[in-house]
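This is what each chain is made of:
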Amino acid sequence: RRLKEHVEDPDKLPILIFPEGTCVNNTSVMQFKKGSFEVGGVIYPVAIKYDSKFGDAFWNSSRYSIVTYILMMMTSWAIVCDVWYLPPMRRKEGEDAIEFANRVKHEIARKGGLVDLLWDGNLKRNQVKSEWKVAAQQQFSK
C-alpha cells in the first residue's frame, strides 16, 4: 500500500528497487518478485554487469565468510561494472504483474548478455515446499 501511494504521488522521488531480492554470480537474472510490478507506474530498468578483471564483486557465501568477502572487496584494485539504462517500460493492457516483471527481466538480461532464469534465487537458502515438489513431480510424470 505504501509503495503504491509513493508511486502515485508526483511530488515524491523515484524509488530504486532490486526486484530479484538477492544477488547471483553475474551470469544470470533470476525471477523477479512481483510486488514492485503490481503498483503501477513507470519502470526504469537498469542492467548491471560486473567486470571481474580487477576484483570480483560476487560474494559466494558458501565459500567465503562475510569478513573475508569485505576484505577481498577492500583490497581489490577496482570494482568495475557496465551499466545500461533501458527505455522506460509500462504495464501493457491485460498484462498481469508477473508477465510485466518477466518482460522487464527479459530486457535486462538481453541488454546485459545475461541468462534469463525462471527460478527464484532464494531457493538456494530455503527448502522447497513439499506441495511444490509434488506438483513438479506430477507435471514431469505426464
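Since the model is a prediction, treat every value here as computed from it, not as a measurement. (Residues numbered from 1 in each chain as written. Predicted model: local features only at pLDDT ≥ 70, side-chain atom pairs only at ≥ 80, totals over all residues. Heavy atoms only, no water.)

### Some details on the confidence of the model for the protein chain
Here is the rule we go by: The pLDDT score gives, residue by residue, the confidence of the prediction method on a 0 to 100 scale. To qualify as a helix, a DSSP run of H or I must reach at least 4 residues; to qualify as a strand, a run of E must reach at least 2; elements of each kind are numbered from the N terminus.
Across the protein chain, pLDDT averages 85, with 94% of residues at or above 70. Within the protein chain, the element-level pLDDT minimum falls on helix α1 (residues 2-8), averaging 85, and the maximum on helix α4 (residues 97-112), averaging 93.

### What to know about the packing of aromatic side chains
Quick note on the threshold: Classification of ring pairs uses Phe, Tyr and Trp, with its six-membered ring standing for Trp, and accepts pairs whose centres are within 6.5 Å; under 30 degrees between planes counts as stacked, over 60 as edge-to-face, and the remaining range as tilted. Buried, partly exposed and exposed residues are distinguished by accessible area as a fraction of the type maximum, computed with a 1.4 Å probe on protein chains only: under 20%, between the cut-offs, and over 50%, respectively.
For the coordinates displayed, the defined rule picks out two aromatic pairs. Ring plane angle 15 degrees and centroid distance 5.8 Å describe the contact between Phe32 and Phe37, whose orientation is recorded as stacked. Taking the relative accessible area as the measure of exposure, Phe32 reaches 10% and is therefore buried. Judged by its relative accessible area of 3%, Phe37 falls in the buried class. Here the aromatic residues Phe32, Phe37 and Phe100 are joined through ring pairs into a cluster of three or more.

### Thoughts on the pattern of salt bridges
Here is the rule we go by: Salt bridges are identified by distance alone: a Lys or Arg side-chain nitrogen within 4 Å of an Asp or Glu carboxyl oxygen.
This model, assessed by the stated rule, comprises seven salt bridges. As a salt-bridge pair, Glu8 and Lys4 come within 3.2 Å of each other at their nearest N and O atoms. Placement of both Glu8 and Lys4 in helix α1 is noted, with a separation of four residues, approximately one turn of the helix. With a closest N to O distance of 2.8 Å, Glu107 and Arg110 form a salt bridge. Pair noted here: Glu107 and Arg110 are both in helix α4, with a separation of three residues, about one helical turn. By relative accessible area, which is 23% here, Glu107 ends up partly exposed. You can call Arg110 exposed: its relative accessible area is 52%.

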